[in-house]
Structures are given as C-alpha cells and as structure tokens.
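Spelled out from the first residue to the last, the chains are:
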Amino acid sequence: MTGSDPQAATSVTALNAVTEAGRMAPKDYDAVLLASFGGPEGQDDVLPFLRNVTRGRGIPDERLEEVSHHYRANGGISPINQQNRELKASLEAEFAARGISLPVLWGNRNWDPYLPQTLQDAYDAGHRKLLMVTTSAYSCYSSCRQYREDIGVALTETGLDGRLEVDKVRQYFDHPGFVEPFIEGTAAGLADVRSQLAAAGTPEAPVHILFATHSIPTRDAEAAGRSEGEPREFEEGSAYVAQHLATATAVIDRVQAESGLTAPWSLVYQSRSGAPHVPWLEPDINDAIEELAAQGIKGIVIVPLGFVSDHMEVVWDLDTEAMETCRNLGLAATRVPTPGTHRKFVNGIVDLISERTRANNISDRPAMTALGPWYDVCRPGCCANFRGEKPTIAGADTTVGTGHDEYPAGSAGAAGGEGAS
C-alpha cells in the first residue's frame, strides 16, 4: 500500500469537527499513568507472560512454548520493561525542567507492575485524578480500546470505580513529537543504504522504503475508527491503516523537502499471530522484501512506524527475521530507530499531557496529517471488542472511571466531551 498527500507534511493545528466533538476540557490531574504492554524479564517469566497475553483463548502451554522462541533466544527478556523505565525517567526529567509537579506512575497490561496494583497504589498515595499515556500511537482495538478496557476492569475489580478518575491523552500517531524522530531516522536510513550500495559499486541501484507496523485481524482493522457519530471515511476502510499511510506520507514529504532524499515506499505488516484461517492485514514484511528483490530492488530501508520503542516485535521480527531475509537476498538494508527516549518524543508526550492539564495547559494541538488531532473522548462503540463489552474508560459511551455523572451513554454532553472539572 502507498499513499501521497501533499498537505500531510505540514502541521495542521486547527481542530477538525470530529476532534472538537471529542475534546475534553483541561483538568487538575494529580498524576500521570504510563501504561504499556509489559514483557517477561527472565526465562521463568515467559510462559506465565504468554498465558496473560492469551488469557481466555484456551491456548495450551505446548502451543505457547512453540511461539516463545523469540523470547527464549533473548534470555527470556523483553526489552520493553527497561525501555518504559527509561521513558518514565525521561518524562520525570522533562517535568522537572518545565516545573510540572506531577508524579509519573507506571503500569502494564500483561506483566508486573500490573495496572490494578498501580491504580491501588495511586489511590493509597492520595491521587484521585490520573491522566493515562499509552505506548501505542494508533487507533485499533489492541492499541487503544483494550487499554481503556483494562483500566475499566481494574477500577471495577479493585473497587476504585467512582473513587479514582482516569482519562487518557489522544492517540498521537501524527503528533510532531512522534513523527519527527522517524523523519530524522528515515533520512539517515536512506543515506546509509545509499552508502552501502556505493561501497558495493552500485550507487544508483533502486531502493525501497518499508514502513512496518503490527498486523491485526482484518475484522479489527475494519472496526478501527468505526463508531457512532464518526462522519469520515478512512483510506482502505480503516482508521488504523489510514493513520499509518498518512503518517508515512508526512515522513516521506519532510525527508524529501529537507534532505533531497526519497524513494518509493509501501506499508507492510509484521508479527502476525493467531489461527491461520483468520485473515490479518497483509503483506507480511518478509514476503514484501522477497517480492521487491524479484523486481530488482537492491536496497531496503525499514521504518518501524507502528512502534514507540525497540521492544520484542522490533528486535526479533525486524532486526532478526527481516534483516536476515535482506541478507539472504543480498540486499543492502538498515532499520531506522524507534522514538524511544528521543528528545522530541519525550517533549511531545509532555506536550500531549499539557494539552489536558489546567496548570500547564497548551491550547495548540499540532498534528501532521489531516486526520488529526485525534480526539480525547472516543466515540461510542469505537474500535469494537467483538468478544463482548467490558467496563471502559475515556469513551463517550461509558461512565467508568469518570465519576459517573459526566458521560451518560448517548447524551449530547458525552459527545461534547466536557468532562468533570
């Protein structure tokens, strides 16, 4: 898949109508919650972690052990927890530099520190209003709604619903803080591959850029962004796909404008799991590399556009498998860094938090595509859970985690997203 939009390279600061309808007024939050996926930190953790990830699906341990090889090959350790510790420390340092006096808490969906305990600890410490930032930038069930569900379930299970309020920042796929590190990395990646080709005596050989993201079931992709009151039609029928295409276009346009470097590009997918008969987004990155090589492409730049940090899907699926595919085909290749703790990314996350806080409010809401800025309060039924409804925060159709009175289901006030003050 490719895309091109000459307007995507410029920052769009005006709120579109859908964002305005889902905008939440700034509040006096007393802590920030960094929420992430979690990962094992030793060989003994691998199976329990995979059981957490697949809970309720009836997958036997034998099957889980078959898919654990990428963790086993790395000592049973996923890099994601350490990366979140580093991101948390970087956010705290930026808060201190700006004079923002909000503690940064950290909780995971699938490994220690677990979200329910983090919420309980927050309440016990006297916090009553939390603003959540997740380590997922795009819109789909697993990268947005599932986080909102996990908080809703945790509030219910801990008995904190109605006593602890939790909101979340907007999905930040096109925020400059997320996109600009990829612009820098893509320009450097193109220069690197060109250098490799020049060293091999083929400086003018064709190069292709692959923007890589996590594949998801086609059904979930089609539900991404689909909701009551959403008037927009998304490219490829999915907000998840459209957001990636628009962001990739913004990257390419800026790279060409600033460095003069460019190359054809496409969006590819990785890390597919689940039953083989269930359709997922394609093409797979390794299949795409093989097809490009057959077409005469000699250089590949892999941009992990769907990822915030170099966690296991990046370290294994890209650095190990995709780069091995390139080597086997004799291709010059490089993998661009993820934002991680890049200064612009950390600053961008703090800006996203400041959009929502009264004391440090930033009224300007930059976005680098026409799809954004995305909304604070998700539309009713957005990114549906096909396994059944759960308590869910930060949505126009839910009251969990908001004090119950501000977002009655189906009301005009819910769509307006005014929130409790």
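Scroll up a little and you will see the structure.
Residues numbered from 1 in each chain as written. Predicted model: local features only at pLDDT ≥ 70, side-chain atom pairs only at ≥ 80, totals over all residues. Heavy atoms only, no water.

(A) Summary view of the overall build of the protein. If you tally the helices and strands in the protein, you get 14 helices and eight strands. Relative to its length of 421 residues, the protein is compact, with a C-alpha radius of gyration of 21 Å against a globular reference of 22 Å. Considering only C-alpha atoms, the protein reaches an extent of 65 × 50 × 40 Å along its principal axes. Counting over 421 residues, the protein shows a buried share of 56%. Of all intrachain contacts in the protein linking residues separated by at least 6 positions in sequence, the fraction that spans at least 24 positions is 79%. The distance from the centre of the 35 positive side-chain charges to the centre of the 57 negative ones in the protein is 3 Å. (Helix = DSSP H or I, 4+ residues; strand = E, 2+ residues; numbered from the N terminus. Rg over C-alpha atoms; globule rule 2.2 N^0.38 Å. Buried < 20%, exposed > 50% of the residue type's maximum accessible area, 1.4 Å probe, protein only. Contact = heavy atoms within 4.5 Å. Lys, Arg positive; Asp, Glu negative; His and termini not counted. Charge placed at Lys NZ, Arg CZ, Asp CG, Glu CD.)

(B) Quick peek at helix α10 (residues 239-259). Compared with the 30 Å implied by 1.5 Å per residue over 21 residues, the 30 Å span of α10 between its first and last C-alpha is a close match. By the criterion of burial, α10 is predominantly enclosed, with 16 of the 21 residues buried. The distance from a side-chain oxygen at the start of α10 to the backbone nitrogen of Y240 is 3.1 Å, and the residue carrying that oxygen is S238. Of the residues one or two after α10, G260 is the one with positive phi, at around 80°. (Expected span 1.5 Å × (residues − 1). Polar contact = N/O pair within 3.5 Å; in protein donor to acceptor, adjacent residues only side chain to side chain.)

(C) Here's a closer look at the pairing of strand β4 (residues 165-168). Going residue by residue along β4, you find E165 and D167 tucked away on one face and V166 and K168 tucked away on the opposite face as well. Bridge count for strand β3 (residues 129-134) against β4 is four bridges, and the pairing is parallel. Each bridged residue has a counterpart across the sheet, and for M132 the counterpart in β4 is K168. A crossover links β3 with its parallel partner β4, the connecting element being helix α7 (residues 141-158), and its sense is right-handed. (Pairing = 2+ DSSP bridges. Right-handed = clockwise from strand over helix to strand, strands pointing away.)

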